[in-house]
Amino acid sequence: QVQLVESGGGSVQPGGSLRLSCTASGDTFKYLAIGWFRQAPGKEREGVSCDAGLVGKTYYADSVKDRFTISRDENQITVYLQMDNLKPEDTAVYYCAAARTYHTANYCPVDSGSWGQGTPVTVSS
């Protein structure tokens with residue numbers, strides 16, 4: 001199945017922006033549900049934003065609505081997460097995931113799909 005590699009994480013001040021990238025190899029994201037997840041130290045991994053693709057449905061966690069945007073490139077090789085107006089509570093390791101099956105409640109790919117290694121994001125003054 002598709003292999004995923006995230007990049008674009010780093011350290012930024014509150015109010016700043018970052019764009020995360022998730023690049024596929026071995027396959028494309030065509031026909032796949034995609035999602036961005038994050039895990040902060042001592043906390044459970046949570047879904048941040050997901051895109052079910054062909055069904056035309058997108059999900060954003062309430063905490064990131066109007067600040068984050070998920071997208072795919074035209075060739076279905078790279079998935080992006082544009083993060084604007086970052087807050088300290090956004091600090092976490094961010095993971096990209098993809099699967100052929102998604103959860104109908106939030107359009108996020110199921111856990112048994114492909115996952116990247118994660119890219120850390122730190123938001124602090």
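Undergrad: Any chance you could explain the pattern of salt bridges here in plain terms?
TA: A side chain of one charge can pair with a side chain of the opposite charge if their charged atoms are brought near each other. Across all of its chains, the model carries five salt bridges by this definition. The partner of Glu46 in a salt bridge is Arg38, with the nearest N and O atoms 2.8 Å apart. According to the relative accessible area criterion, Glu46 is partly exposed, its value standing at 35%. Ionic pairing is found between Asp90 and Arg38, a salt bridge with its closest N-O pair at 2.9 Å. Remark: Arg38 occurs in strand 4 (residues 33-39) and Asp90 occurs in the loop between strand 8 (78-83) and strand 9 (92-99); sequence separation between them is 52 residues. Residues Asp90 and Arg38 agree in their burial class; the two are buried. One continuous salt-bridge network, built from bridges that share partners, spans Arg38, Glu46, Arg67 and Asp90.

Undergrad: Even after reading the chapter, I still don't get the state of the cysteines, so can you show me in this structure?
TA: This structure, assessed with the given rule, holds two disulfides. At a sulfur-sulfur separation of 2.3 Å, the disulfide partner of Cys22 is Cys96. With the S-S bond torsion at -85 degrees, the cross-link from Cys22 to Cys96 turns out left-handed. One end of the pair, Cys22, is in strand 3 (residues 18-25); the other, Cys96, is in strand 9, and 74 residues separate them in sequence. With its sulfur 1.9 Å from that of its partner, Cys50 forms a disulfide with Cys108.

About the criteria used
- Residues numbered from 1 in each chain as written.
- Predicted model: local features only at pLDDT ≥ 70, side-chain atom pairs only at ≥ 80, totals over all residues.
- Heavy atoms only, no water.
- Salt bridge = Lys/Arg side-chain N within 4 Å of Asp/Glu carboxyl O.
- Buried < 20%, exposed > 50% of the residue type's maximum accessible area, 1.4 Å probe, protein only.
- Helix = DSSP H or I, 4+ residues; strand = E, 2+ residues; numbered from the N terminus.
- Disulfide = S-S within 2.5 Å.

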